[in-house]
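Residues per chain are reported as follows:
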Amino acid sequence: METQTLRDLMVEHLQDLYSAETQIIKALPKMEKAAHNTELKDGFRMHLAQTQEQAQRLEQIAKALGFSPNGKKCKGMEGLLAEGEEIMKEDGNLDVLDAGLIAAAQKVEHYEISAYGTAIAMAKQLGEKDYLSLLKQSLTEEEMTDKKLSQVAESTINVKAASHQASCET
Ligand code: FE
Ligand code: FE
C-alpha cells in the first residue's frame, strides 16, 4: 500500500487500531480468568463489552470512509499481549500476580490512548468531523479504564501485594 497522503496514513492507523482491538477482544476473557481479585475480574469483563463496541465503531468508520478495517496486524499489541501471557503463566503470590496483570493491562490501555489520540488528531486535521465523536468516545473509555486499573492497584492490590512482601521478609 502506498502512503502518499495524510488520509492514507490515517487509514493505516485505523486498521492497526482495529487489529489491536480485535486482539484485545480475544485476550480479555483470558485476563478475566487469570485475575484473582473480583473487582479486577469485573473490570476486565466490563472492558470486554466496551472493546467490542470500540471495534464496531472502527468498522462503522471504515465503512463510511470506504476502506476495509482488516489488512493490518498490530505488532505492538501482539507484543504487549504476549507479555501479558507471560505473567498469566507464572506461579506465585496471587496479589503480586494480579499487580502484574494490572501492569500489563495498563500498557495495553496506554497504547490505545496513544493510538486514538493520533487518529483523532489526524481526523481533525482532515476535517473529518462525522466520526470524531466515535473516536473520542473510545478514547474516553480507554482513559477511564486506565484510571480504574490505577485505582484498583493503588487502593487494594498493590497494598496486599506489599503486605505479602513484609511477611516474606520476616
Ligand atoms: Fe480498546
Ligand atoms: Fe482498552
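Provided above is the structure to which this section pertains.
Residues numbered from 1 in each chain as written. Chains lettered and ligands numbered in written order. Predicted model: local features only at pLDDT ≥ 70, side-chain atom pairs only at ≥ 80, totals over all residues. Heavy atoms only, no water.

Attention shifts here to the environment of M122. Mapping M122 onto the fold places it in helix 4 (residues 94-125). Through-space distance from the C-alpha of M122 to that of H36 is 40 Å; in sequence the pair is 86 residues apart. (Helix = DSSP H or I, 4+ residues; strand = E, 2+ residues; numbered from the N terminus.)

Moving on, we come to helix 4. The end-to-end C-alpha separation of helix 4 is 47 Å, in line with the 46 Å expected for 32 residues at 1.5 Å each. Measuring from the side-chain oxygen of the N-cap residue of helix 4 to the backbone nitrogen of D95 gives 3.0 Å; that N-cap residue is N93. Phi turns positive one or two residues past the end of helix 4, at G127, with a value near 70 degrees. (Expected span 1.5 Å × (residues − 1). Polar contact = N/O pair within 3.5 Å; in protein donor to acceptor, adjacent residues only side chain to side chain.)

Below, the discussion takes up the coordination of the iron ion (ligand 1). The coordination sphere of the iron ion (ligand 1), as far as protein atoms go, consists of E21 (OE), E21 (OE), Q54 (OE1), E112 (OE) and E142 (OE), spread over 2.0 to 2.4 Å. Sequence positions of the donors to the iron ion (ligand 1) reduce to the motif E-x32-Q-x57-E-x29-E. For the pair the iron ion (ligand 1) and the iron ion (ligand 2), the metal-to-metal distance amounts to 3.2 Å, and E112 bridges them. With a gap of 88 residues between them, Q54 in helix 2 (residues 38-65) and E142 in helix 5 (residues 132-169) connect regions that are remote in the sequence. Classification of Q54 by relative accessible area gives buried; the value is 0%. (Donors = N, O, S within 2.8 Å, 3.2 Å for Na, K, Ca; no water. Buried < 20%, exposed > 50% of the residue type's maximum accessible area, 1.4 Å probe, protein only.)

This part takes up the coordination of the iron ion (ligand 2). Summarising the metal site, the iron ion (ligand 2) is bound by the protein donors H47 (NE2), E109 (OE), E109 (OE), E112 (OE) and E142 (OE), whose distances to it range over 2.1 to 2.6 Å. Sequence positions of the donors to the iron ion (ligand 2) reduce to the motif H-x61-E-x2-E-x29-E. Take E112: its relative accessible area is 1%, and that puts it in the buried class.

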